[in-house]
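Here's the letter readout for the chains.
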Protein chains: 2
Amino acid sequence: MKHSSPVPHELRFAVLAADAVMFTVFDGRLHVRLIPVHLPPYFSHLAGIPGGLLAPTETADQAAVRHATTKGGVLHEHLYLEQLYTFSAINRDPRNRVVAVAYLGLVPWEVLTKTAERDTAAATWVRIDKLPKLAYDHREIIRVGLERLRSRVTYTTIIKQLMPKEFTLTDLEVMYETVLGQDIDKRNFRKKVLKTGVLQVLPRERTGEQHRPAKLYRFLNRDIEPIAII
Amino acid sequence: MKHSSPVPHELRFAVLAADAVMFTVFDGRLHVRLIPVHLPPYFSHLAGIPGGLLAPTETADQAAVRHATTKGGVLHEHLYLEQLYTFSAINRDPRNRVVAVAYLGLVPWEVLTKTAERDTAAATWVRIDKLPKLAYDHREIIRVGLERLRSRVTYTTIIKQLMPKEFTLTDLEVMYETVLGQDIDKRNFRKKVLKTGVLQVLPRERTGEQHRPAKLYRFLNRDIEPIAII
DNA sequence: AAAATAGTGTCTATAAGACATTATGTC
DNA sequence: GACATAATGTCTTATAGACACTATTTT
């Protein structure tokens, strides 16, 4: 455990960290990735988002990927990250001055097949309406991340980063409803989303459910396009 | 002049800086605030945007204000600043590793009455289509700042940060046209901007020009509202 | 009266939003 | 055939965009 040095806190120069607010959606709920904080008064309870210092040869982007994967347990190839905001309040961290470049991360739940990517002792998905008391300014970082996610979802196709490869229009509608926290009219939604041309129908349907099979779709490409959807 | 220490560049930890891309509009052109860079091969030519290190007791916001005012010469009360993006490439600065939290700054030209805020030896307003060769990654920072400005202008009222207190609808239209680099239909613009309700008509007109006087308006408040205008 | 910009309205096309019924699988 | 969700269209209202003339001041 690291302790304060004799140098007064306000006089130490800042060190740089990268933190990742990662979201995923399952059970019709938004969840955020939390890890234990080994620091009083948290004593290894889930109390923070994954993050850590930048290595001397690392960019903030690289450090965000490294800590999101090693501490957050999410595989690099499943993770979308974009820079969110830089938090530089003097007393963010009680031990030393740390400036954090925060990242917004999105992961489609369906690809998280390995146990380490679901819930382990080292990292857990927690409902955003059931967050525990959090360390540092991590509640604020999550708030800003969620705000950014909700805003981006309405004028880009960033939601594709939360969807599995193939999905039905109802799946997509439910994802928008979950992220935005509001109901959407099914008929208007379908008209609008199909007209944008970002989706491709697959020749297959999703059968085996106890109702009429639904057509499967996928996004035409992986880039996030600036298109108004909702 | 600072020189490299014997420690290899890639092994030094980063220090933190705050840089400000400040824009203003005059002569119907967007301009950015540049300062001399005292470093080969620039030898005090205009080659950078104002910025500098964070003091140990300073947030990035505070450092951005400090450097924008002291090095950029723009008075604090005339300046609007918002965080833009954090640049952390390893070799941004040839001397030492510097991570820069960049800020987007806006100033209404009309308030810049003091000589120091216009053009001096220490800082100059340069047309964005006439930028010289720039130091570090400052051209990239300016590019990102301009992109952000153009994007924000279309769905918020951030343009008020470039306008004087009182202005005519033509003034406002020209400001949009200058920032966006495209013509706007006068009648549609007036209908739309008046319907948003963010403007207040003043009981005065702008007289003394050799044509019909124009009504004067001002923004109802100083906050930036998320409203689609163009 | 000439010059210069201010100020205004209509029409058309497109988009947004409210709303209910039929279709097709599984069990 | 009962159940469950998929799939679809119309009407109304609001918004966007193209477009040209009259009004008012100064000189």
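It should be emphasised that the depicted structure is a prediction, and the values quoted were computed from it without experimental measurement.

Help me out: how do you make sense of the relation of the copies chain B and chain A in this one?
Superposition of the two copies of the chain requires a rotation about an axis together with a shift along that axis. Superposing chain B onto chain A takes a rotation of 180° plus a shift of 0.0 Å along the axis, which leaves an RMSD of 0.0 Å. Here the two chains are linked by the operation of a two-fold rotation axis. Of the residues that chain B buries at the interface, 100% are likewise interface residues in chain A, meaning the two copies contact each other through the same surface.

Quick question: what am I supposed to make of the layout of surface pockets here?
Which parts of space are left empty comes out when a probe the size of a water molecule is rolled across the atoms. For the largest pocket, the calculated volume is near 1400 Å³. Taken together, 35 residues line the largest pocket, and the ones lying closest to its centre are A:Arg148, A:Arg152, A:Tyr155, B:Arg148 and B:Tyr155. Broken down by secondary-structure element, the contributors of at least two residues to the lining of the largest pocket are strand E5 (80-87) and helix H2 (138-155) of chain A together with strand E5 (80-87) and helix H2 (138-155) of chain B. Each residue belonging to the lining of the largest pocket can be placed in one class, and the counts come to 13 nonpolar, nine polar and 13 charged.

For this particular structure, what's the right way to read the protein's contact with DNA strand C?
The environment of DNA strand C is made up of 23 residues, and the closest members are A:Arg187, A:Glu209, A:Arg212, B:Lys191 and B:Lys215. Backbone atoms, meaning sugar plus phosphate, form 44% of the atoms of DNA strand C positioned within 4 Å of the protein. Here a sugar or linking oxygen of DNA strand C sits 3.3 Å away from a polar atom, N or O, in the main chain of A:Glu209. The contact in question runs from a sugar or linking oxygen of DNA strand C to an N or O atom on the backbone of B:Pro213, over 3.4 Å. Residue composition of the surface near DNA strand C, by class: three nonpolar, seven polar and 13 charged.

Looking at this structure, how should I read the domain arrangement of chain A?
Many structure descriptions define interface size as the accessible area lost when the parts assemble. Residues and elements named next belong to chain A. As far as domains go, chain A holds domain 1 (9-155) and domain 2 (158-219). Distance between the C-alpha centres of domain 1 and domain 2: 28 Å. With 18 residues of domain 1 in contact, the opposing surface of domain 2 contributes 11 residues. On inspection of domain 1 and its partner domain 2, the count reaches zero salt bridges. Where domain 1 touches domain 2, the interface holds one residue pair in polar contact (both at pLDDT 80 or more). If you list the elements that add at least two residues to the side of domain 1 that touches domain 2, you get strand E1 (15-26), strand E2 (29-37), E5 and H2. Ranked by residue count, the leading element in the side of domain 1 that touches domain 2 is H2, at five residues. When its residues are assigned to classes, the side of domain 1 that touches domain 2 shows 10 nonpolar, three polar and five charged.

Explanation requested: the protein's contact with DNA strand D in the structure shown.
In the vicinity of DNA strand D there are 23 residues, among which A:Lys191, A:Lys215, B:Arg187, B:Glu209 and B:Arg212 approach most closely. For DNA strand D, a phosphate oxygen lies 3.1 Å from a polar atom in the side chain of A:Arg190. B:Arg187 is positioned with one of its side-chain polar atoms (N or O) 3.4 Å from a base nitrogen of DNA strand D. Those elements that provide at least two residues to the surface near DNA strand D are helix H4 (186-196) and strand E9 (214-219) of chain A together with helix H4 (186-195) of chain B. Of the residues that constitute the surface near DNA strand D, the class distribution is three nonpolar, seven polar and 13 charged.

Hey, could you run me through the packing of H2(B) against helix H3 (residues 169-180) of chain B in this one?
The description of two helices packed together rests on the angle between their axes and the distance between the axes. All names here are of chain B. It is at 9 Å that the axes of H2 and H3 come closest, and there the two elements cross at 140°. The angle between the axes of H2 and H3 places the two elements in the oblique class. Read as a crossing pair, H2 and H3 show a hand that is left-handed. Of H3, the residues touching H2 (which contributes Leu-149, Arg-150, Val-153 and Thr-154) are Tyr-176, Val-179 and Leu-180. Looking at the contact of H2 with H3 residue by residue, the classes come out as five nonpolar, one polar and one charged.

Which parts of the structure should I look at to understand the pattern of salt bridges?
Where charged atoms from two side chains of opposite charge approach closely, those side chains can pair. All chains considered together, the criterion is met by 28 salt bridges over all chains. Linking A:Glu166 and A:Arg204 is a salt bridge whose minimum nitrogen-to-oxygen distance equals 2.9 Å. You can see A:Glu166 sitting in the loop between H2 and helix H3 (169-180) and its partner A:Arg204 sitting in strand E8 (residues 199-206), a full 38 residues away along the chain. Accessibility expressed as a relative area gives 42% for A:Arg204, which makes it partly exposed. Between B:Arg92 and B:Asp137 there is a salt bridge, with the nearest N and O atoms lying 2.8 Å from each other. With B:Arg92 in the loop between E5 and strand E6 (98-106) and B:Asp137 in the loop between strand E7 (124-127) and H2, this residue pair connects regions lying 45 residues apart in the sequence. Accessibility assignment for this pair places B:Arg92 and B:Asp137 in one class, buried.

Would you mind showing me how to read the packing of aromatic side chains here?
Aromatic rings considered in pairs are described by the distance between their centres and by the relative angle of their planes. Tallied over the full model, the rule gives nine aromatic pairs over all chains. Between A:Tyr176 and A:Phe189, the ring centres sit 5.7 Å apart and the planes meet at 65°, which makes this aromatic pair edge-to-face. Taken together, the positions of A:Tyr176 in helix H3 and A:Phe189 in helix H4 put the pair 13 residues apart, joining distant regions of the chain. You'll find A:Tyr176 and A:Phe189 in the same group, each marked buried. When the centroid spacing of 5.4 Å and the interplanar angle of 45° are considered together, the rings of B:Phe167 and B:Phe219 count as tilted. With a gap of 52 residues between them, B:Phe167 in the loop between H2 and H3 and B:Phe219 in strand E9 (residues 214-219) connect regions that are remote in the sequence. Classification of B:Phe219 by relative accessible area gives buried; the value is 13%.

Can you walk me through unusual backbone geometry in this structure?
Glycine aside, residues mostly have negative phi, and peptide bonds are mostly found in the trans state. Across the junction of A:Pro40 and A:Pro41, the peptide omega takes the value 0°, indicating a cis bond. Of note, A:Pro41 is situated in the loop between E2 and strand E3 (45-48). With a phi close to 50°, B:Asp27 is a non-glycine residue in the positive phi region. Of note, the phi angle at B:Ser44 is positive, near 70°, even though the residue is not glycine. The class for B:Ser44 is partly exposed, based on a relative accessible area of 38%.

Can you walk me through the packing of H3(A) against H4(A) in this structure?
Residues and elements named next belong to chain A. Contact geometry for H3 and H4: axes closest at 11 Å, N-to-C directions at 105°. When the axes of H3 and H4 are compared, the pair comes out roughly perpendicular. Contacts from Leu-169, Thr-170, Leu-172, Glu-173 and Tyr-176 of H3 reach H4 at Lys-186, Phe-189, Arg-190, Val-193 and Leu-194. Looking at the contact of H3 with H4 residue by residue, the classes come out as six nonpolar, one polar and three charged.

About the thresholds
Residues numbered from 1 in each chain as written. Chains lettered and ligands numbered in written order. Predicted model: local features only at pLDDT ≥ 70, side-chain atom pairs only at ≥ 80, totals over all residues. Heavy atoms only, no water. Least-squares fit on C-alpha atoms with pLDDT ≥ 70 in both. Contact = heavy atoms within 4.5 Å. 1 Å grid on protein atoms, 1.4 Å probe; cavity = no way out; pocket = protein on both sides within 12 Å on 5 of 7 lines; lining within 4 Å. Points joined across faces, edges and corners; volume = space filled by probe spheres on them. Helix = DSSP H or I, 4+ residues; strand = E, 2+ residues; numbered from the N terminus. Nonpolar A, V, L, I, M, F, W, Y, C, P; charged D, E, K, R; others polar. Near = heavy atom within 4 Å. Polar contact = N/O pair within 3.5 Å; in protein donor to acceptor, adjacent residues only side chain to side chain. Domains from an automatic or database assignment. Salt bridge = Lys/Arg side-chain N within 4 Å of Asp/Glu carboxyl O. Axes fitted to C-alpha atoms, helices over the stretch in contact; angles between N-to-C directions. Parallel < 35°, antiparallel > 145°, perpendicular 65-115°, else oblique. Left-handed = near helix turned anticlockwise from the far one by under 90°. Buried < 20%, exposed > 50% of the residue type's maximum accessible area, 1.4 Å probe, protein only. Phe/Tyr/Trp six-rings, centres within 6.5 Å; stacked < 30°, edge-to-face > 60°.

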